[in-house]
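Spelled out, the chains give:
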Amino acid sequence: MPGLAWAERLFGLHAAVTAPVKLRKIELVASGAKILVRAVSVDGDAGYAVPNQHAIAMQSLFKERVAPYFAGKDARDIEASIDGVYLHESNYKLVGLPFWIAVSWAEFAVLDLLGRIARQPVATLLGGKALRRKIPMYLSSTDRASTPDEEITRFEEGLARTGARAVKFKVGGRMSGNADASPGRSEKLVALARKRLGNGITLYADANGSFDVKQGIEMGRMLEDHGVAIYEEPCPFEDYAATRRVTEALGKIKVAGGEQDTSLYRYQEIIRDRVLDMVQPDLSYNGGFVRTTRVARLAAAAKMDISPHCPQASTMLYTLHFGAFTPNLGAFQEFHVQHIGKPLWFAPDLRPDKGELTVPTGPGLGLELEPSVLKAATPV
């Protein structure tokens, strides 16, 4: 892709790992109900990754169209491989969120393999010296069935347990054509959040594409009146023209979005035309570290922050490593309230302390996998 704004190589993997690491295979494996992606070199070294919630539904796409491409490649050439798999067997005809999710699984496992060989965390492998070792988190909720009182009570409990200083709640009804989740819920929720959580807590609101331009602006101004800092996806995510009009009309609040986008051309357009004030690619949805770092570089050139979408436990490790080396990272990163106090089978220490998560320092992604889980893992 010569001549494109994102075409230059980003990472010095050949310097970090001096000898070639030829890949033998990448595969989905299961150990009971636990699913992993495993990258294996011809020398028998292995790296692992945790796929997101779509692993079973998308296994055919991964196994038939993505994983075979990486066999025989040098793991250190992962950037070229990410570009190459797009063209392999006309995979570009399948391009979109499912395809790039499958690519991200392969990339995550390959980077874990390289990190284990180099005895470096992925954050160091990709970024060199870490810019930050702790990442401030905001507590997010995806619940629209709750009452405003129930939602704020949940946040009060979560803030007390984690020390977080920011929260994100839902407004609107989710791609709902201006309908609220229940009559008057959004207005009551926003006012109650500011009243009960206080001015010391940063508030974010996510509309999930609920509004047209007129209603999106009205909701945005109401959010501004209550000092809300971020307004996510006011209009349907594909309607860039409508979203841009909302962004241009509001001045005190940042309009954010991009979690559903996977095209670097589209991100270039979003950033160039200031459709949004902040971009929020999901590392799994967008194809992994390479492609999301390309988005971050485009955003940085426009003096725009990036804050990855991260509602799933499976994506948190990737967000932490990405946040460690990305200069234009937003103030807070996403941590779902449902994960509070729940150790994860692959990373039990992902629990906020004083509102922050520590970037893993172990080799690779920092996965903590029981030997019994790995011993029982068989191909899906």
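> What should I look at first to understand the overall build of the protein chain in this one?
Secondary structure assignment for the protein chain yields 13 helices and 13 strands. The globule rule puts the C-alpha radius of gyration for 380 residues at 21 Å, and the 21 Å found for the protein chain is close to it. Dimensions of the protein chain, computed from C-alpha atoms along their principal axes, come out at roughly 60 × 45 × 40 Å. Per-residue burial over the protein chain gives 56% buried out of 380 residues. Working note: accessible area of the protein chain is about 15,400 Å², and carbon and sulfur atoms make up 51% of it. Averaged over its 46 positive side-chain charges, the protein chain has a centre that lies 3 Å from the centre of its 43 negative ones.

> What am I meant to see in the sheet that holds strand E3 (residues 46-49) here?
Two pairing modes exist for strands in a sheet, parallel and antiparallel, and in both the strands are linked by backbone hydrogen bonds. Pairing is antiparallel in the open sheet, where four strands are placed in the order E3-E2-E1-E13. The sheet terminates laterally at E3 and strand E13 (378-379), the two strands that pair on one side only. Pairing of strand E1 (residues 23-31) with strand E2 (residues 34-41), which is carried by eight bridges, proceeds in the antiparallel orientation. Bridge pairing in E2 links alanine 30 to isoleucine 35. Sheet contacts for helix H2 (residues 59-70): E1 and E2; angle to E1, the most-contacted strand, approximately 155°. Helix H4 (residues 97-118) contacts E1, E2 and E3 of the sheet and is inclined by roughly 135° relative to E3.

> Even after reading the chapter, I still don't get the nonpolar core, so can you show me in this structure?
For soluble globular proteins, the rule of thumb is that nonpolar side chains tend to be buried together. Membership of the largest hydrophobic core comes to 120 residues, with the highest contact counts inside it found for Ile26, Phe62, Phe169, Tyr231, Val279 and Phe289. For this core, the leading source of residues is H4, giving 14 residues. If we ignore the near neighbours within four places in the chain, the residues touching phenylalanine 169 are Phe155, Leu189, Val190, Ala193, Leu203, Tyr204, Ala205 and Asp206. Ranked by size, the runner-up nonpolar core spans seven residues in total, among them Tyr138, Ala166, Tyr204 and Phe332.

> Help me out: how do you make sense of the packing of helix H3 (residues 78-87) against helix H11 (residues 289-301) in this one?
If you want to describe how two helices pack, look at the angle between their axes and the distance between the axes. Contact geometry for H3 and H11: axes closest at 9 Å, N-to-C directions at 95°. In terms of orientation, H3 and H11 fall into the roughly perpendicular class. For the pair formed by H3 and H11, the contact residues are Glu79, Ile82 and Asp83 on the first element and Val290, Arg291 and Arg294 on the second. Among the residues making up the contact of H3 with H11, the classes are represented as two nonpolar, no polar and four charged.

> Explain the pairing of strand E4 (residues 134-140) here, please?
On a regular strand, each side chain points to the face opposite its neighbour's, so the side chains alternate between the two faces of the sheet. Judged by how many residues are buried, E4 sits mostly within the fold: five of seven residues are covered. Relative to strand E12 (residues 356-358), E4 runs antiparallel, the two sharing three bridges. Paired with proline 136 across the two strands is glutamate 356, which belongs to E12. Summarising the sheet, E4 and strand E11 (residues 333-336) pair through four bridges and their orientation is parallel. Note that in E11 the partner of leucine 139 across the bridge is phenylalanine 335.

> What exactly am I supposed to notice about H2 here?
In a regular helix each residue adds 1.5 Å, so twelve residues correspond to 16 Å; H2 covers 16 Å between its end C-alpha atoms and thus fits that length. Those residues of H2 that sit buried are Phe62, Val66, Ala67, Tyr69 and Phe70. Taken end-on, H2 shows its buried residues confined to a sector of 140°, consistent with a single buried face. Check the buried side of H2 and you find it contacts E1, E2, H3 and H4. Immediately downstream of H2, the backbone of glycine 72 shows phi near 90°, a positive value.

> Would you mind showing me how to read the environment of alanine 377 here?
Residue placement: alanine 377 occurs in the loop between helix H13 (371-376) and E13. Excluding anything up to four places from it in sequence, alanine 377 contacts Val29, Ala30, Ser31 and Arg38.

> Is there a simple way to explain the pairing of E2 in this structure?
Counting buried residues along E2, seven of its eight residues qualify, which places the element largely inside the surrounding structure. Examined bridge by bridge, E2 and E3 share four bridges and lie antiparallel to one another. Residue pairing across strands places arginine 38 opposite tyrosine 48, the latter belonging to E3. Counted between consecutive antiparallel strands, the loop separating E2 from E3 contains four residues, among which glycine 44 sits at a positive phi close to 95°.

> Where do I start with the pattern of salt bridges in this structure?
Opposite charge on two side chains permits pairing when their charged atoms draw close. Scanning all chains against the criterion turns up 21 salt bridges. Its salt-bridge partner being aspartate 112, residue arginine 116 comes within 2.6 Å of it at the nearest N-O pair. Linking arginine 116 with aspartate 112, this pair stays in helix H4, spanning four residues, or about one helical turn. Residue arginine 154 pairs with glutamate 151 through a salt bridge whose shortest N-O separation is 2.9 Å. One end of the pair is arginine 154 and the other is glutamate 151, both in helix H6 (residues 148-162) and three residues apart, which spans about a single turn. Several salt bridges share partner residues, and in doing so they unite Lys168, Lys170, Asp206, Glu232 and Glu334 into one network.

> I'm lost on the packing of aromatic side chains in this one. Help?
One pair of aromatic rings is described through two measures. These are the centre distance and the angle between the planes. By the definition in use, this model includes twelve aromatic pairs. Geometrically, the ring pair formed by phenylalanine 108 and phenylalanine 289 is edge-to-face, given 5.7 Å between the ring centres and 80° between the ring planes. With a gap of 181 residues between them, phenylalanine 108 in helix H4 and phenylalanine 289 in helix H11 connect regions that are remote in the sequence. Considered together, phenylalanine 108 and phenylalanine 289 belong to a single accessibility category, that of buried residues.

> Explain the environment of arginine 154 to me, please; I cannot follow it from the model alone.
Residue class for arginine 154 comes out partly exposed when judged on its relative accessible area of 29%. Among all residues touching arginine 154, those that are not within four sequence positions of it are Ser141, Asp143 and Val337.

Cut-offs and rules
Residues numbered from 1 in each chain as written. Predicted model: local features only at pLDDT ≥ 70, side-chain atom pairs only at ≥ 80, totals over all residues. Heavy atoms only, no water. Helix = DSSP H or I, 4+ residues; strand = E, 2+ residues; numbered from the N terminus. Rg over C-alpha atoms; globule rule 2.2 N^0.38 Å. Buried < 20%, exposed > 50% of the residue type's maximum accessible area, 1.4 Å probe, protein only. Areas by Shrake-Rupley, 256 points an atom, 1.4 Å probe, with all protein chains shown as cover. Lys, Arg positive; Asp, Glu negative; His and termini not counted. Charge placed at Lys NZ, Arg CZ, Asp CG, Glu CD. Pairing = 2+ DSSP bridges. Contact = heavy atoms within 4.5 Å. Axes fitted to C-alpha atoms, helices over the stretch in contact; angles between N-to-C directions. Core = buried A, V, L, I, M, F, W, Y, C linked by side-chain atoms within 4.5 Å. Parallel < 35°, antiparallel > 145°, perpendicular 65-115°, else oblique. Nonpolar A, V, L, I, M, F, W, Y, C, P; charged D, E, K, R; others polar. Expected span 1.5 Å × (residues − 1). Arc of directions from axis to C-beta. Salt bridge = Lys/Arg side-chain N within 4 Å of Asp/Glu carboxyl O. Phe/Tyr/Trp six-rings, centres within 6.5 Å; stacked < 30°, edge-to-face > 60°.

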